[in-house]
Structures are given as C-alpha cells and as structure tokens.
Amino acid sequence: MFRRTFWFTTGVAAGVWATTKVNRKLKQLTPESLAATAANKALETGQRLKDRAVGFALDVRDNMAQRESELEEALGIQENPELPAPRRYAAIENDRSNPKYIENTTYSYNRNEDH
C-alpha cells in the first residue's frame, strides 16, 4: 500500500511540475511577452552600439588632435599666426584722385537672393 501511495504522490508531483513548466513556457510565448522581450533586447543592443560609437568618436578625436600636433610640429606652424590686414576695396567713382574705400565689403554670388 505504501508503494502505491509513493507512486501516486510521485505521479501527482510530476504532473504539477510539468503543468507549471508548460504554463510558464506558454506565457513566455504570448505575442505581448515576445514583443516586450524583443523591445528590451533592442534597447540593450542600441545602448551597446551607442556606447561603442561614442567611444570610437572620442578615440578619433584624440588621435586627430595628436596627429595635428605632429603635423604642426613637423611643418613648423605656429599656434597663433599673425593674420594679414583685412583688404579694403575701392568704391567706383568718377573722381580717381581721391578714392574712397569701403570696409568689410561682402558680395553675395547667390543669384536667387533678389527673387
């Protein structure tokens, strides 16, 4: 009789365990659960890619600054070179004896500017 009770209890426990496992798996395979899992993995992947991209950009910036300093040293370029004086353009006038100059003249070559 104890043998039958043991096997009955073992069978009930195995059934409960199997039912619980199947129900958990079914809940994991619902469309909502799959969508949430996919969204979480996408967010994690996006964060990893962003971190790698930022790290790459910082490495490029550091190496660019280092290479610029190497080139400046090799070419003998000063850090703050003296700039030439700004150009002055003569205004068109009939009187050539006393030309007038216009400071900081800018001319736009954009043909659509007047339209």
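- For the protein, the name recorded in an unreviewed UniProt entry is Secreted protein, with Streptomyces diastatochromogenes as its organism.

## Some words on the overall build of the protein
Argument step 1. From N to C terminus, the protein includes two helices and two strands.
Argument step 2. Its helices and strands taken in sequence order, the protein reads α-α-β-β from the N to the C terminus.
Argument step 3. Counting over 115 residues, the protein shows a buried share of 0%.
Argument step 4. About 11,800 Å² of surface is accessible on the protein, with carbon and sulfur atoms providing 57% of the total.

## Details of the packing of aromatic side chains
Argument step 1. In total, this model carries one aromatic pair according to the counting rule given.
Argument step 2. Between the aromatic rings of Phe-6 and Trp-7, the centroid separation amounts to 5.1 Å while the plane-to-plane angle is 70°, which identifies the pairing as edge-to-face.

## As for the pattern of salt bridges
Argument step 1. Counted according to the given criterion, the structure contains one salt bridge.
Argument step 2. Arg-67 is the partner of Glu-70 in a salt bridge, and the nearest nitrogen-oxygen pair spans 3.3 Å. Here Arg-67 and Glu-70 lie together in helix α2 (residues 31-75), a separation of three residues that amounts to about one turn.
Argument step 3. By relative accessible area, Glu-70 is classed as partly exposed at 37%.

## A word on a nonpolar patch on the surface
Argument step 1. Among the surface-exposed residues, Phe-8, Val-12 and Val-16 lie close enough to one another that they form a single nonpolar patch of about 300 Å² accessible area.
Argument step 2. You can see Val-16 is positioned in helix α1 (residues 2-28).

## Considering α2
At 3.6 residues per turn, the α-helix brings residues three or four places apart onto the same side.
Argument step 1. Compared with the 66 Å implied by 1.5 Å per residue over 45 residues, the 64 Å span of α2 between its first and last C-alpha is a close match.
Argument step 2. Gly-76 lies just past α2 and shows a positive phi near 70°.

Calculation rules
- Residues numbered from 1 in each chain as written.
- Predicted model: local features only at pLDDT ≥ 70, side-chain atom pairs only at ≥ 80, totals over all residues.
- Heavy atoms only, no water.
- Helix = DSSP H or I, 4+ residues; strand = E, 2+ residues; numbered from the N terminus.
- Buried < 20%, exposed > 50% of the residue type's maximum accessible area, 1.4 Å probe, protein only.
- Areas by Shrake-Rupley, 256 points an atom, 1.4 Å probe, with all protein chains shown as cover.
- Phe/Tyr/Trp six-rings, centres within 6.5 Å; stacked < 30°, edge-to-face > 60°.
- Salt bridge = Lys/Arg side-chain N within 4 Å of Asp/Glu carboxyl O.
- Patch = residues over 30% accessible without salt bridge, like charges linked within 9 Å, V, L, I, M, F, W, Y side chains within 5 Å.
- Expected span 1.5 Å × (residues − 1).

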